[in-house]
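Read off the chains here:
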Amino acid sequence: MVHSMKEHRGAVNAIVCNADGSQAASASADGSCIIWDLHKGVRIHALYEPTVFNSVCYHPDESQYITGSANNKIGFWDAYDGSPIRFITGGDADITCLDIHSEGKLFVSGGADKNVNVWDYDDGKLVSSGRGHSGKISKVTLSPDQKIVVSVGSAGGIFIW
């Protein structure tokens, strides 16, 4: 082990590294997302909201983070200082997972409402939505060529969109 970083006071629901592996962002049930310096093993800054954070992603240019949370919101955060930029309603229930297109133009969300949603990143508008899962969606991911969305859920289904 190189570092042990223990600032969260609740379960950590997701963690993601930035492109060069120098940072990680962790999403927690304690109402915080913490941005970590992986070389020094210290917090860079933290994002706070009175909710459970379920998911976090870096924008490809690393200027922003997006979060999915139990209050049905998708949050957009400034990576420079961790300040909130805006929040959009992401569905009718918890936003459980996110993934972002490699160019940062679109992102995908999944949630407890069983919907897979594709969003325009810049204006936060819904581009497309699909429903097929019979339970909460636990993970969405874009294929390497960015043309396919794959989702998995609590009922055991794997869906290709």
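Located above this text is the structure these notes cover.
Since the structure is predicted, the reported quantities are computational estimates derived from the model, not experimental observations. (Residues numbered from 1 in each chain as written. Predicted model: local features only at pLDDT ≥ 70, side-chain atom pairs only at ≥ 80, totals over all residues. Heavy atoms only, no water.)

Undergrad: Explain the overall build of the protein chain here, please?
TA: The helix and strand inventory of the protein chain stands at 0 helices and 15 strands. For a compact globule of 161 residues, the expected C-alpha radius of gyration is about 15 Å, and the protein chain comes in at 15 Å, within 12% of that figure. In terms of overall dimensions, the protein chain has C-alpha extents of about 45 × 30 × 30 Å along its principal axes. Taking all 161 residues of the protein chain together, the buried fraction comes to 47%. Sequence separation of at least 24 residues holds for 34% of the intrachain contacts in the protein chain that already meet a minimum separation of 6. About 8,100 Å² of surface is accessible on the protein chain, with carbon and sulfur atoms providing 51% of the total. (Helix = DSSP H or I, 4+ residues; strand = E, 2+ residues; numbered from the N terminus. Rg over C-alpha atoms; globule rule 2.2 N^0.38 Å. Buried < 20%, exposed > 50% of the residue type's maximum accessible area, 1.4 Å probe, protein only. Contact = heavy atoms within 4.5 Å. Areas by Shrake-Rupley, 256 points an atom, 1.4 Å probe, with all protein chains shown as cover.)

Undergrad: Help me out: how do you make sense of the pairing of strand β11 (residues 115-120) in this one?
TA: Within β11, 5 of the 6 residues are buried, which leaves it mostly tucked inside the rest of the structure. Bridging between strand β10 (residues 106-111) and β11 involves 5 bridges; their strand directions are antiparallel. Counted as the bridge partner of Leu106 is Asp120 from β11. Counting the residues between successive antiparallel strands, the hairpin from β10 to β11 contains 3 residues, one of them, Lys114, with a positive phi of roughly 75°. Across 5 bridges, β11 lies against strand β12 (residues 126-131) in antiparallel orientation. Directly across from Trp119, in β12, lies its bridge partner Leu126. In sequence, β11 turns back onto β12 through a hairpin of 5 residues, with Gly124 there showing a positive phi of about 70°. (Pairing = 2+ DSSP bridges.)

Undergrad: Please clarify how the pairing of strand β5 (residues 53-58) should be interpreted in this entry.
TA: Each regular strand shows side chains that alternate between the opposite faces of the sheet. Counting buried positions along β5 yields 6 of 6 residues, so the element is predominantly enclosed. Bridge count between β5 and strand β6 (residues 64-69): 5 bridges; the pairing is antiparallel. Bridge pairing in β6 links Val56 to Thr67. Here β5 folds back onto β6, and the loop between the two strands holds 5 residues, one of which, Glu62, carries a positive phi near 60°.

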